[in-house]
There are 2 protein chains.
Amino acid sequence: MNLDFTFYNPTRVHFGRNALEHLPEELAQYGSRVLLVYGKGAIKRIGLYDKVIEILKEGGKTVVELSGVKSNPTYTQMMEGVRLVRENKIDLILAVGGGSVVDCAKGISLSAHCKGDPWQRYWINFEEVDNEIVPVGCVLTMAGTGSEMNGGSVITNEEQQIKGGRTYPSNINPKFSILNPEYTFSVPKEQMVSGIFDTMSHLMEQYFTGEDDNTTDYLIEGVMESLIHSARIALQDPQDYEARSNLMWCATLALNTITRLSKAQDWEVHMIEHQLGAYTDCPHGAGLAVLSVPYYRYIYKDGLKKFVRFATKVWGIDAHSGSEEQIALAGLDALGDFIRELGLPTTLRELGTTEEMLPRIANSAVKGGGYRQLDETDILQILKACF
Amino acid sequence: MNLDFTFYNPTRVHFGRNALEHLPEELAQYGSRVLLVYGKGAIKRIGLYDKVIEILKEGGKTVVELSGVKSNPTYTQMMEGVRLVRENKIDLILAVGGGSVVDCAKGISLSAHCKGDPWQRYWINFEEVDNEIVPVGCVLTMAGTGSEMNGGSVITNEEQQIKGGRTYPSNINPKFSILNPEYTFSVPKEQMVSGIFDTMSHLMEQYFTGEDDNTTDYLIEGVMESLIHSARIALQDPQDYEARSNLMWCATLALNTITRLSKAQDWEVHMIEHQLGAYTDCPHGAGLAVLSVPYYRYIYKDGLKKFVRFATKVWGIDAHSGSEEQIALAGLDALGDFIRELGLPTTLRELGTTEEMLPRIANSAVKGGGYRQLDETDILQILKACF
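Fair warning: this is a prediction, and the values are worked out from it, not measured in the lab.

Criteria and thresholds
Residues numbered from 1 in each chain as written. Chains lettered and ligands numbered in written order. Predicted model: local features only at pLDDT ≥ 70, side-chain atom pairs only at ≥ 80, totals over all residues. Heavy atoms only, no water. Helix = DSSP H or I, 4+ residues; strand = E, 2+ residues; numbered from the N terminus. Rg over C-alpha atoms; globule rule 2.2 N^0.38 Å. Buried < 20%, exposed > 50% of the residue type's maximum accessible area, 1.4 Å probe, protein only. Contact = heavy atoms within 4.5 Å. Areas by Shrake-Rupley, 256 points an atom, 1.4 Å probe, with all protein chains shown as cover. Lys, Arg positive; Asp, Glu negative; His and termini not counted. Charge placed at Lys NZ, Arg CZ, Asp CG, Glu CD. Buried area = accessible area lost by both parts, 1.4 Å probe. Salt bridge = Lys/Arg side-chain N within 4 Å of Asp/Glu carboxyl O. Polar contact = N/O pair within 3.5 Å; in protein donor to acceptor, adjacent residues only side chain to side chain. Nonpolar A, V, L, I, M, F, W, Y, C, P; charged D, E, K, R; others polar. Phe/Tyr/Trp six-rings, centres within 6.5 Å; stacked < 30°, edge-to-face > 60°. Lys NZ or Arg CZ within 6 Å of the ring centre and 35° of its normal. Expected span 1.5 Å × (residues − 1). Arc of directions from axis to C-beta. pLDDT = per-residue confidence, 0-100.

1. With respect to the overall build of chain A
Turning to step 1, where the next piece is worked out: Along the backbone of chain A there are 15 helices and eight strands.
Turning to step 2, where the next piece is worked out: What you see for chain A is a C-alpha radius of gyration of 20 Å, in line with the 21 Å of a compact globule of 387 residues.
Turning to step 3, where the next piece is worked out: Relative to its full complement of 387 residues, chain A shows a buried share of 63%.
Turning to step 4, where the next piece is worked out: When contacts within chain A are restricted to residue pairs at least 6 apart in sequence, long-range pairs at least 24 apart make up 76% of them.
Turning to step 5, where the next piece is worked out: As displayed, chain A has an accessible area near 13,900 Å², and 49% of this comes from carbon and sulfur atoms.
Turning to step 6, where the next piece is worked out: Treating the 36 positive side-chain charges of chain A as one cloud and the 50 negative ones as another, the clouds have centres 3 Å apart.

Given below as structure tokens:
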């Protein structure tokens, strides 16, 4: 744990089959005016909308709704929420849905009382938050983004074709998050596997940095092993409660900052994917799946020992089966096999990317890197390798 | 994650070489009257006492001191702290020292405004806390108990010969904890290894329950692996910052409740050790070291698959090297070897236990268990196997 850190995560998580029973006690802590944020109606199909409305009514709340939040939530929608919060003097934003809904709610929470232009101040200039935050609560129906227990909010500005995200201080963390794995049963398989790979990618972005001997790396390996194991069970039987509950908790752990403590972190795969998403509106997990193996093949020699460790500890590759390079590559092959096993795409073409988009994506992606600092030429080469 | 849970841990942890720089900003959040709690003077020898006093003075605080807290903190000392808090209208209790100092501070915090007899209400009857809590902050100098990020407080009532402990709601968690691994450099080797084994025992108490496939078990294995790895480095070089920092963070993770989520948990080794401590005042980690292998040998057949998993995943025993029973026992042998490697005692005699004490310890220990529910006869048999 060579790098100093501060850890503070005040989200109260209620997890399990009966987690919704905690909603009334949580609601009781806030004023009466609630903005209910949700997506395109999945929560109505599974009966969750009616249950939540009933609890809100019993708690004497006045409810205003923002519905139809898209899977890559847009700045336009977020600003519609900001208008509703201002006009209705909202006391609590309740997000019911997947990570996009939670991200949208946190964006509204942060922006409603912002002086000036929120996009410019918070998503472009990364300014410190100096305004009042409207508290957010969450009832989660999808596992993957980890947004339920952190201060991140990824928003797409359609006009500017920029998908911007950052982690804000923990004061925009949801105050509470209700996680019932049974809600994830109804999610289409493509979204389940997208969430699984989103989780895997969060773990890898934090894992593949540093030459250090860090307890956090051992934690990450544990979460990766559990994720892979449970993913295989859930692929066979999406109704397996134990597997789906593990997948849900792995997603939370992967991004609640406990798996990044004292790590330098990379996040370049996410930076490239954000721009891929801005151009194609592809599912986040699918974009990450296409980019990951070519990205890591491009940089693995710069962090060889860690890629060897990944191969042997996470994928069970025999440590004596070849040279360090061969073992590292065998680990990345295993990662590629896992992506195919999940049924996720492996080429940019499958995501609707055209060849003309590649230079624009490479140009607009935030440049960074973990074991190697990347420039526009590097990113273009990686994109071509994915095409 | 089959068992429902609520996770909420609002302690703000500042970790690293410069962690003390955060003390002023933390102190600024509380009133001016501070009770400084510490042990027998180790913090003076390493210069930490002077630094903390300077920061307190610069922050304009009025300081009252409770010093000389023992390694198994006593109820008498705790009640002396209660008196000081009441007489001086204390706003913040600042614990500077090891886990015993923190436990004592939390006990004072809980009891100062208690209506009625705190020992009877909170340590014997486990009543719900219905009084105001005096906030606690912590500057930690030893790694092991994990008290820096939870609501537990283990106190010994010398008169009644009972060492009582329980985890209270997270409102008695320290509000902040400052963890600088360099402070642990000066701790004598016996205390370092006692802390290491205390951590290992906390992990095992949570791990050895359930037949479930739980993400938490993977996390625990990760922490165990890191702990064992760093312990071996620190035994060779106690000044190795990376190893000592890992040991410190492992200790926090082992008892900040993240490694128990959705686990049934055992804690019977701790229950027996508490009474061993009440009779002999032995170091907690040393008591746990003596009891653990005989305890697990006594129950391993009831949780055979988990003991096999422990052997193969944590200790690297070849899964094909024998029958399940042989592999499980080989894992417990490896645990025993690790205890000897740490230089910890392996018999009750070494702790000053007499044969006459054994029935009294067996009688007074709280009865429970994980894979097997134990009665007094069982505990006596285990104690005899340790003698």
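Following the structure, the description resumes.
2. Remarks on the interface of chain B and chain A
One widely used convention gives an interface's size as the accessible area the parts lose upon coming together.
Turning to step 1, where the next piece is worked out: At the junction of the two partners, chain B supplies 44 residues and chain A supplies 43 residues.
Turning to step 2, where the next piece is worked out: For the pair chain B and chain A, the two sides together bury roughly 3,800 Å², of which 51% comes from carbon and sulfur.
Turning to step 3, where the next piece is worked out: Seen at the junction of chain B and chain A, the total is two salt bridges.
Turning to step 4, where the next piece is worked out: Note that K313 of chain A is salt-bridged to E225 of chain B, the shortest N-O span being 2.8 Å.
Turning to step 5, where the next piece is worked out: Across the chain B-chain A interface, the total number found is 30 residue pairs in polar contact (both at pLDDT 80 or more).
Turning to step 6, where the next piece is worked out: At the level of elements, β1 (5–15), α8 (215–236) and α9 (241–254) of chain B are the ones that each hand at least two residues to the side of chain B that touches chain A.
Turning to step 7, where the next piece is worked out: If one sorts the elements of the side of chain B that touches chain A by residue count, β1 of chain B sits on top with eleven residues.
Turning to step 8, where the next piece is worked out: Looking at side-chain class alone, the side of chain B that touches chain A contains 19 nonpolar, 17 polar and eight charged residues.

3. Thoughts on the packing of aromatic side chains
Turning to step 1, where the next piece is worked out: In the structure shown here, the tally under the stated rule is 34 aromatic pairs over all chains.
Turning to step 2, where the next piece is worked out: Between Y207 of chain A and F208 of chain A the ring centres are 5.2 Å apart and the planes differ by 75 degrees, which places this aromatic pair in the edge-to-face class.
Turning to step 3, where the next piece is worked out: For Y207 of chain A, a relative accessible area of 0% corresponds to the buried category.
Turning to step 4, where the next piece is worked out: Seen from their ring centres, W249 of chain A and F5 of chain B are 5.2 Å apart, and the 75 degrees between their planes marks the pair as edge-to-face. Separated into two different chains, W249 of chain A in helix α9 (residues 241–254) and F5 of chain B in strand β1 make up a pair that spans both. Summarising the burial analysis for this pair, W249 of chain A and F5 of chain B share the class buried.
Turning to step 5, where the next piece is worked out: Clustering of aromatic rings is evident, with ring pairs tying together Y207, F208, Y295, Y296, F307, F310, W315, F338 and Y371 of chain A.
Turning to step 6, where the next piece is worked out: In this structure, R12 of chain A packs its charged tip against the face of Y8 of chain B, placed 3.9 Å from the ring centre.
Turning to step 7, where the next piece is worked out: Here R17 of chain A stacks its cationic end above the ring of Y241 of chain A, 3.6 Å away from the centre of that ring.

4. A closer look at unusual backbone geometry
The bulk of non-glycine residues show a negative phi, and the bulk of peptide bonds are trans.
All names here are of chain B.
Turning to step 1, where the next piece is worked out: The backbone of K89 shows a phi angle near 50 degrees, a positive value even though the residue is not glycine.
Turning to step 2, where the next piece is worked out: Mapped onto the fold, K89 is located in the loop between α4 (75–88) and β4 (92–97).
Turning to step 3, where the next piece is worked out: Assessed through its relative accessible area of 64%, K89 is described here as exposed.
Turning to step 4, where the next piece is worked out: Although it is not a glycine, D281 sits at a positive phi angle of roughly 55 degrees.
Turning to step 5, where the next piece is worked out: Inspection of the secondary structure assignment puts D281 in the loop between α10 (268–280) and α11 (284–299).

5. Quick word on helix α12 (residues 304–315) of chain B
Residue and element names in this part refer to chain B.
Turning to step 1, where the next piece is worked out: The first and last C-alpha atoms of α12 sit 16 Å apart over twelve residues, in line with the 16 Å expected at 1.5 Å per residue.
Turning to step 2, where the next piece is worked out: The element α12 is extensively covered by neighbouring structure, given that nine of its twelve residues are classed as buried.
Turning to step 3, where the next piece is worked out: The complete set of buried residues in α12 reads L304, K306, F307, V308, R309, F310, A311, V314 and W315.
Turning to step 4, where the next piece is worked out: On its buried face, α12 sits against α7 (189–207), α8, α11 and α13 (324–341).

6. Thoughts on helix α3 (residues 48–58) of chain B
Residue and element names in this part refer to chain B.
Turning to step 1, where the next piece is worked out: Of all the residues in α3, the buried ones are L48, Y49, V52, I53, I55 and L56. Buried residues of α3, seen end-on, are gathered within an arc of 160 degrees and therefore sit on one face of the element. Residues of α3 that are exposed and point over 90 degrees away from its buried face: D50, K57 and E58.
Turning to step 2, where the next piece is worked out: For α3, the elements touching its buried residues are α1 (23–27), β2 (33–38), α2 (42–45), β3 (62–66), β4 and β5 (136–140).
Turning to step 3, where the next piece is worked out: Directly after α3, the chain includes G60, whose backbone phi takes a positive value near 75 degrees.

7. A look at the pairing of β5 of chain B
Turning to step 1, where the next piece is worked out: A large share of β5 of chain B lies buried, amounting to five of its five residues.
Turning to step 2, where the next piece is worked out: Neither face of β5 of chain B is open: one carries V136, C138 and L140 of chain B, the other G137 and V139 of chain B, and all of them are buried.

8. A short note on the pattern of salt bridges
All names here are of chain B.
Turning to step 1, where the next piece is worked out: Under the criterion given, the structure shown has 34 salt bridges over all chains.
Turning to step 2, where the next piece is worked out: For E182, the salt bridge goes to R17, with nearest N and O atoms at 3.7 Å. Of this pair, E182 sits in the loop between β8 (176–179) and α7 while R17 sits in the loop between β1 and α1, and the two are 165 residues apart along the sequence.
Turning to step 3, where the next piece is worked out: On the accessibility criterion, E182 (34% relative accessible area) is partly exposed.
Turning to step 4, where the next piece is worked out: Notably, a salt bridge pairs E80 with R83, separated by 2.8 Å at the nearest N-O pair. Residue E80 and its partner R83 are both found in helix α4; the two are separated by three residues, about one turn of the helix.

9. Considerations on the confidence of the model for chain A
Turning to step 1, where the next piece is worked out: Here chain A shows a mean pLDDT of 95. Residues at 70 or above account for 99%.
Turning to step 2, where the next piece is worked out: Reported confidence for the predicted complex is 0.96 by ipTM and 0.96 by pTM.

10. A closer look at the environment of T76 of chain A
Residues and elements named next belong to chain A.
Turning to step 1, where the next piece is worked out: Inspection of the secondary structure puts T76 in helix α4 (residues 75–88).
Turning to step 2, where the next piece is worked out: By relative accessible area, T76 is classed as exposed at 51%.
Turning to step 3, where the next piece is worked out: For the pair formed by T76 and E158, sequence separation is 82 residues and the distance between their alpha carbons is 8.1 Å.
Turning to step 4, where the next piece is worked out: Looking at T76, its side chain comes within polar contact range of the side chain of E158, at 2.7 Å.

11. As for the side chain of T215 of chain A
Turning to step 1, where the next piece is worked out: In this fold, T215 of chain A is placed in helix α8 (residues 215–236).
Turning to step 2, where the next piece is worked out: Apart from residues no more than four positions distant in its own chain, T215 of chain A is found in contact with M1 of chain A together with S226, N246, W249, C250 and L253 of chain B.

12. Side note on the environment of M142 of chain B
Residues and elements named next belong to chain B.
Turning to step 1, where the next piece is worked out: The topology assignment puts M142 in the loop between β5 and β6 (152–157).
Turning to step 2, where the next piece is worked out: As a C-alpha pair, M142 and L291 span 149 residues in sequence and 22 Å in three-dimensional space.
Turning to step 3, where the next piece is worked out: Leave out the neighbours within four places in its chain, and M142 touches G97, G98, T184, V187 and Q191.

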